[in-house]
Structure formats: structure tokens, C-alpha cells
Amino acid sequence: MTRTDLLALTPDSLASLANRGLVKRATKDLDAGNVPEVAVADDGTVTGAFPDGVATTLPGGGGLEGAACTCAATGVCRHQIGLVLAYQRRAAGAGEDAGAEEGAAEEAEKAPPYKDWSPGAYDDEALARVLGERALTAARRTLRSGYAARVHRPSPADPVASVELPTCTVRFLVPDEFGYVHTDAVAAMRGEVIALAVWAFRAADEQGLAGEDVRVDVGGRAAGGGNGSGLEAALDLADQILLDGAMHAGPVLSTALHRASRELTAKNLHWPAATLDDIAGQLAAYRDRGAAHEPRRLAVLLAELHARHRSALHASGSPRSQVLGTNETVETPLRRVRLTALGCRVGGDDGERTADVFLAHAASGIVLVLKRRWEVTGEQRLTGHDIAPRRIAGAPLRALASANVVSENATRSPSRVVRLGTGRVSKTTVTPVGGAWGDLPPALLARDLRTLERELDALPPRLIRPRVEAEFVRVVEIAKVGDIGYSPGDQRLTATFTDADGVSGRISSAYAPYRPGALDHLAEALAGDRGEPLYVSGPVRRSRGALVVDPLGVQTTEGLIVPDLAPGDGGGALDAPAVRREDPLSEALSAALEVCADAAHRGFRHLPNGTRARVGRAAERLGGIGMAGAAGLLRAFAGALEGDDPYRMTAAWADAQIHLVTAADLR
């Protein structure tokens, strides 16, 4: 009897069921000659007798949860993984000589069995038989309220069908085999989330969404009711800001924004609610003369509210839940989870200091964020280096930000924020990260920039994307670092680098007073003073036609450097940047965004004549470089400012700002 389920398991699938280290160790054992004697019973049970006396059994029903081994390890062990690999090599080399067997096994690992299938083919009766009625009853409660999902169909490049639910990921590792479904949710929720994932595939199938990566709303009813988006009252507040300006917004308006945010949250319209909170925060920062206030940031937030409203009214390409955030808000406990730290970002203001630790979850191919905050009192300076010794989940922040983390007590939110608990029973272990970055899956580790750019191209526009943490944080491989320079005016360190194919990108980091030594240590790491730079981690974006990484950490041959936690006062001598060529397109877009932000800051009812002239000049400049659409929208905004119709003014501004922000992102 041939076990097709075992043949279909790829090294990545086995790593999901165990961990990548066990797969590597089992492979090395086999290569070193520690090969078991494999026997297959009539019922499909596979047994393996290893030379060291260990006996391992894989039951015929599928899955590794029922596997048994006489070694001392608990859970999935290297012998169980080794038996799967040995069975695959045996099947690949049947009837061939040893050399051919090795080559066939190699090919089996590179090109595993691929089948174009959909888990949505399972009906509810089959789900009840496998998962139990209790799990289906719990899942149906979520189905009635509705949820959002991201469906990844199997492809020749990635034969594993998977679904990203709001708070966990479900992977169907072997076609037609429920015994090999992997999820990072705890065991008590396993059946429930598998059912939700199957229904997500079924909904995508029924709606004809045939792409390899699609988003879908499942069950429930559209939030907001009626024919509107549910954001009409919030838009009135946003338009009031545009008309009167941030300069003239009082505390009454801020109170109204927070009240509207709570109302949207009660309707499960979470992304617009978060946008309103951010708008209120910008207005408060302006009143308090805080450094957090940025007119261009406020303009983007106001445009975001308009964009989500418009997209929800015409939600054909992006599901309403992805635009409005009607995802579940509960946290999901995760079973034993393995995470790889990618560094830390230290932030805050005069009253608090924050630290965000970014943790790659290789099994689901996403990055989670662990958040902490501390109050800054009196004359405290409290830099990143000062908080580095403070303990989180039992470990110093400096250790956690550069570690492999294994936790038996973790929870994950829909926005990808993770909490690590502490306790005597459920513990969290922290070990040095070592070379784990190089073992991350392609979804997290970018070895070539062209592929990374294609991933950015596939994203929906920023203004209507889900508001999740660490949305596009990646580890990027560095082949060579070029120029490194510091611009005193921008207080920004910029370095160029290339990938293995010679495609260039930039690493760019701004100075902040709460991480004063960061730029000095970043420059040393990139210059090779701390070992040859191998990888850089951080959020990836486009700017001036190139991919830019805002670094969280740099992996060198001597170890991982986390600049935000480094000591120093920022007094190091940094070289001036190389002369940058003028970029007329980026400069024109930046000037247009600047004038739109200034108009929102001052208020349309309070604009001096000079602002209207600036809008006209920005439109002329865009038209001169071929951006006729953007130029026309700016001219329409300038024309609206000449009249006395407030609705026409705000609508024309939103038209122009949405277009410009999207164009700049694509640039």
C-alpha cells in the first residue's frame, strides 16, 4: 500500500508539523546513514526500526498526532520526521540504484506532489464526522456574525492550501487529508477554525474567486445597514476638519471624534474607528504642540476615511470587511508557538516610551508585534538603551528582540498583536536567534528585490487596506552595501544596497531622541565594522522609484544588531550622503501632497490667496511631467475653492488627495 499522504509532505509542511530544526536534524541523520528499516502494513501503518534501537510507528489514519516513538522526546520527534523522509526516499528510489535514489528523493523534495484542489469541496456532513458537532456549532456562531478571510489556493510554487483568518492561520498540508491540517490556534479551537477555513474556501469557490491569493467575506450581513457605508456621520466630522482646519479644531470636536469612534466600533467598523482615533490624536498633538503632529499624516488619515467610505459603497474588488474591518475582535490563544525576533522599534513622546518587538511566525508566514509601554516621569530621559534591560515575559527586552522565542502561553489579535504570558505551567523560553533568519520561509525572507516589488504590486491601495501591525515587515538579504550617508537637514541615515542579482534598494532610518545611538550603530553594522552585513529587517515601502527598508535589525556575520536598543548619544561622525539625482516625478508628487496637507491644516474657509495659487502651480507641475489625471483633480480642487459650496470643496480635495497618495505609494 502506498501512503500518498506521506509522499505529499514537503519539508515546509513537516516544519509546520514540528519545526525546521527537527527537519534539518532528521535529514542529516539519514544522510549520515542512520536510516531506519521501513515496513508498511496492509492498513497503511508505517513502522521504522532505527539502527540505534528506536522504533517509530506512523498510523494508517493519517497525521502525526497519533504517531508513536520509543525515544524519550515528547510530541513530534526527529525519528518520526526521519521515518517520513525515509519513506519518501524509499518510494522515490524504488527499483533504482542508490545514486538514482538520492537524486529522486532530492527531486521529490524540490517538486512535491501537486494537486489543484479546494478544501471547500468538503460538505458540512464530512466536517461533522471529522471535527465533531461541537466544533461546528461554535464555528456557526462566527459564521452568523460574519468574518473575513484571506484564501491562498495551492499552486505549483506552493502546493499548500491555506486560509488566514482574523486571529490565526489554517494550512491544509496534504490534499484530502484532515489529519494533516495545521493551525497555530490552541487544540481546543482547532476544529472550529478548520471549519471556518473550509467555509472560506467554499465562499471563494461559490463567488468565482479563482486567484491564488484572494480575500473574501464569509457569512453575516453587510455592516452599516441600508445602502450606505455606515461612515456618513464620521465623514461629516472629517469634512468639518477640512473646512475649519486643524488650526481651528477645539476640544469639542475631539470629543465628537472619540464618540463617533465608539459608535463605529459597536458596529464592528473597526478600521474607520481606528482612523478617527488617529485623527483625534493628531488634533490633540497639535493643540499640545507635540512632535507627533504631522500635517501630511493628518491629510492621509482624512483621505483614508473618504476612501474607505467610497470603497465600501462599491465593494466589488475588496470585500467590505477588509475595507471596514468587520473582523472578529477577540484574541485567539495559540498553541505552542515558535517565533523569531526581527528587532525592535522604540518610540513614544514626552510622556511615555514604547517598544514594539517584531516576531516572525514562520509557520503562518506573517509577522506579529509584541507591544510594551512605560511612563516617562519627571526628568527621565528613558532611551531605548535605558529600557533594554527591562523584562518582558521573563526576559530582558534586549534579549527578546534578538531571540528565538518558544511560548506555550501566547494570544494573537486580529491586528497581529501578540501577548506572551508567564506562568509555572505555560512557559516562554528565549534563546539567541543565531542563523534563524536564513531559515525563514519565502513569505518572510526576501532574497531578491524584484519578487518583493511584485508582492507590493499585489497589495490593495494603502488607504483601504486592513489596519494590521507589521503589514509588510520582511527580512531582506544583502549582497553588497554601497554608499552610506547622513543628511543633517533630514536627520536621516541612508544606505544603498544590492541583492544577488544586482538590483538595488535603500536602507533609510531617521534620528529620534529616544534612540540617540541608533544611527551610529546602524552605520557601523552596514559598513562592516561589526561583521559582514547579511540581512536587514524592517518595514518595506516604495520611495522615489526604489524599495526602501526602515531597519529594525541588521544580521551580520558576528550577530544581530538592534539599533534602537544600542547605547550612545548620537555624537558619532557620519559621512555626508552621495549627491542624489533629481527626480521630477517624486518632487512633483511631494509638492502636491504638501499643498493638500497645508490646505487641510489651515481649513478651506481660512485659506489665504497664496494657497490657492500653490494648488494651481502644483497642478501645472504635474501636468508638465505627464500626470494629467492628478493635474486635473488638483485643478478641480482649486476651482472648488473659488466657490462657496462646502461639499464640492471637500469632495474635490478627497478626489485629489486619494489619487496623489496612491500614486506616491506606487511610485
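Higher on the page you've got the structure.
A brief structural summary. Positions within a chain are numbered from 1, following the residues in the order the chain's sequence is written. Where local features are concerned, this predicted model is filtered to residues with pLDDT of at least 70; where side-chain atom pairs are given and counted, the filter is 80 or more; whole-chain, interface and lining totals use all residues. Note: side-chain values were computed over all heavy atoms of the structure, leaving out hydrogens and water.

1. Here we look at the overall build of the protein
We count it as follows: Secondary structure elements are taken from DSSP: a helix is a run of H or I of four residues or more, a strand is a run of E of two residues or more, and numbering for both begins at the N terminus. Radius of gyration here is computed from C-alpha atoms only, and the compact-globule reference equals 2.2 Å multiplied by the residue count raised to the power 0.38. Exposure classes here rest on a 1.4 Å probe applied to the protein chains alone. A residue is buried below 20% of its type maximum, exposed above 50%, and partly exposed in between. The contact criterion used throughout is that any non-hydrogen atoms of two residues lie within 4.5 Å. We get accessible surface area from the Shrake-Rupley algorithm with a probe of 1.4 Å; when it comes to residues, only the shown protein chains can shield them. Here the positive residues are Lys and Arg and the negative ones are Asp and Glu; neither His nor the chain ends is included. One atom stands in for each charge, and that atom is NZ of Lys, CZ of Arg, CG of Asp or CD of Glu.
Scanning the protein for helices and strands turns up 21 helices and 28 strands. Its C-alpha radius of gyration of 27 Å places the protein within 12% of the 26 Å reference for a compact globule of 667 residues. On the principal axes, the C-alpha backbone points of the protein span a range of 85 × 60 × 50 Å. Buried positions account for 52% of the 667 residues belonging to the protein. Intrachain contacts of the protein at a sequence separation of at least 6 include 65% that bridge at least 24 residues. Of the roughly 29,400 Å² that the protein leaves accessible, carbon and sulfur atoms contribute 49%. Treating the 75 positive side-chain charges of the protein as one cloud and the 84 negative ones as another, the clouds have centres 4 Å apart.

2. Let's talk about unusual backbone geometry
Even without a glycine there, the phi angle at L382 is positive, about 50 degrees. By the secondary structure assignment, L382 is in the loop between β13 (366-375) and α14 (384-387). Exposure remark for L382: the relative accessible area of 5% places this residue in the buried category.

3. Observations regarding the pattern of salt bridges
Pairing between side chains of opposite charge can happen when their charged atoms approach one another. Where we set the bar: By convention in these notes, a salt bridge is any Lys or Arg side-chain nitrogen within 4 Å of a carboxyl oxygen on Asp or Glu.
What the rule picks out here adds up to 34 salt bridges. Ionic pairing is found between R308 and E304, a salt bridge with its closest N-O pair at 3.0 Å. One end of the pair is R308 and the other is E304, both in helix α12 (residues 295-313) and 4 residues apart, which spans about a single turn. When sorted by exposure, R308 lands in the same class as E304, which is buried. Between R467 and E304 there is a salt bridge whose closest N-O contact spans 2.8 Å. In this pair, R467 sits in the loop between α16 (449-458) and β21 (473-477) while E304 sits in helix α12, placing the two residues 163 residues apart along the sequence. Residue classification places E304 among the buried residues on the basis of a relative accessible area of 5%.

4. What about the pairing of β21?
What counts here: Strand pairing is assigned whenever DSSP detects at least two bridges linking the two strands. For crossovers, right-handed means that the path from the first strand over the helix to the second runs clockwise, given strands pointing away from the viewer.
Here β21 lies mainly inside the structure; 4 of its 5 residues are buried. The pairing of strand β20 (residues 445-446) with β21 spans 2 bridges and is parallel. Bridge pairing in β21 links L445 to V475. Traced from β20 through α16 to β21, the parallel crossover comes out right-handed. Relative to strand β25 (residues 533-543), β21 runs antiparallel, the two being bridged by 5 bridges. If you follow E477 over to β25, its bridge partner there is Y535.

5. Remarks on helix α8 (residues 190-206)
The cut-off we apply is this: Multiplying 1.5 Å by the residue count of a helix minus one yields the expected span of that helix.
Taking 1.5 Å as the rise per residue, α8 with 17 residues should run 24 Å; its terminal C-alpha atoms sit 24 Å apart, in good agreement. Judged by how many residues are buried, α8 sits mostly within the fold: 15 of 17 residues are covered. Two residues or fewer past α8, G208 is found with a positive phi of approximately 70 degrees.

6. Let's talk about empty space enclosed by the protein
Going by this rule: Throughout, the protein atoms alone are placed on a 1 Å grid, and a set of points is a cavity if a 1.4 Å probe fits but cannot get out or a pocket if it is open with protein on both sides within 12 Å along at least five of seven lines; lining residues have an atom within 4 Å of a point. Grid points are joined across faces, edges and corners, and a volume is the space filled by probe spheres set on the points.
Scanning the model with the defined rule gives 2 cavities of 30 Å³ or more in all. In this structure, the largest cavity encloses a volume near 40 Å³. What lines the largest cavity is simply A26, D29, L30, N34, F50, R78, H79 and G82. Mapped onto the lining of the largest cavity, the elements with two or more residues apiece are α3 (20-31) and α4 (78-92).

7. Observations regarding the packing of helix α10 (residues 251-266) against helix α11 (residues 270-287)
For the record, the criterion: Think of each axis as a best-fit line through the C-alpha atoms, taken over the contacting stretch in the case of a helix, with angles from 0 to 180 degrees between the N-to-C directions. In these notes the angle categories are as follows: under 35 degrees is roughly parallel, over 145 is roughly antiparallel, 65 to 115 is roughly perpendicular, and the rest is oblique. By convention the crossing between two helices is left-handed if the near helix lies anticlockwise of the far one by an angle smaller than a right angle, and right-handed if it lies clockwise.
Two elements in contact, α10 and α11, have axes whose closest approach is 8 Å; the angle formed by their N-to-C orientations is 165 degrees. As summarised for this structure, α10 and α11 are arranged roughly antiparallel, according to the angle between their axes. Relative to α11, the crossing made by α10 is left-handed. Residues P251, L253, S254, L257, H258, A260, S261, L264 and T265 of α10 form the contact with α11, whose own contacting residues are H270, P272, A273, L276, D277, I279, A280, L283 and R287.

8. A few points about the nonpolar core
Our working rule: Definition of nonpolar core: a set of buried residues of the types Ala, Val, Leu, Ile, Met, Phe, Trp, Tyr and Cys, connected through side-chain atoms within 4.5 Å.
Grouped together as the largest cluster of nonpolar side chains are 66 residues, with contacts concentrated most on L257, L302, F604, L622, L634, W653 and L660. Setting aside its immediate chain neighbours within four residues, L660 contacts L589, A592, L593, C596, L622, A630 and L634. Among the nonpolar cores identified, the runner-up in size contains 48 residues, and A341, I366, A403 and V475 belong to it.

9. Some points on the packing of aromatic side chains
Each pair of aromatic rings is reported with the distance of its centres and the angle of its planes. Rules: A pair of Phe, Tyr and Trp rings is counted when the ring centres sit within 6.5 Å of each other, with Trp represented by its six-membered ring. The angle between the planes then sorts it: under 30 degrees is stacked, over 60 is edge-to-face, the rest tilted. In this scheme, the term charge over a ring applies when either NZ of a lysine or CZ of an arginine sits within 6 Å of the ring centre and within 35 degrees of the ring normal.
Per the counting criterion, the structure on display carries 4 aromatic pairs. Ring geometry for W117 against Y122: centres 6.5 Å apart, planes inclined by 90 degrees, an arrangement best described as edge-to-face. Like W117, the residue Y122 is buried in the burial classification. Plain terms: the ring middles of W117 and F172 are 6.3 Å apart, the flat faces sit at 85 degrees to each other, and that makes the pair edge-to-face. Linking W117 in the loop between α5 (98-110) and α6 (124-131) with F172 in strand β7 (residues 169-172), this pair joins segments that are 55 residues apart in sequence. Each member of the pair W117 and F172 is classed as buried. Each member of the aromatic cluster is reached from another via a ring pair, and the members are W117, Y122, F172 and F201. Directly above the ring of F472 sits R474, whose terminal nitrogen or CZ lies 4.2 Å from the centroid.

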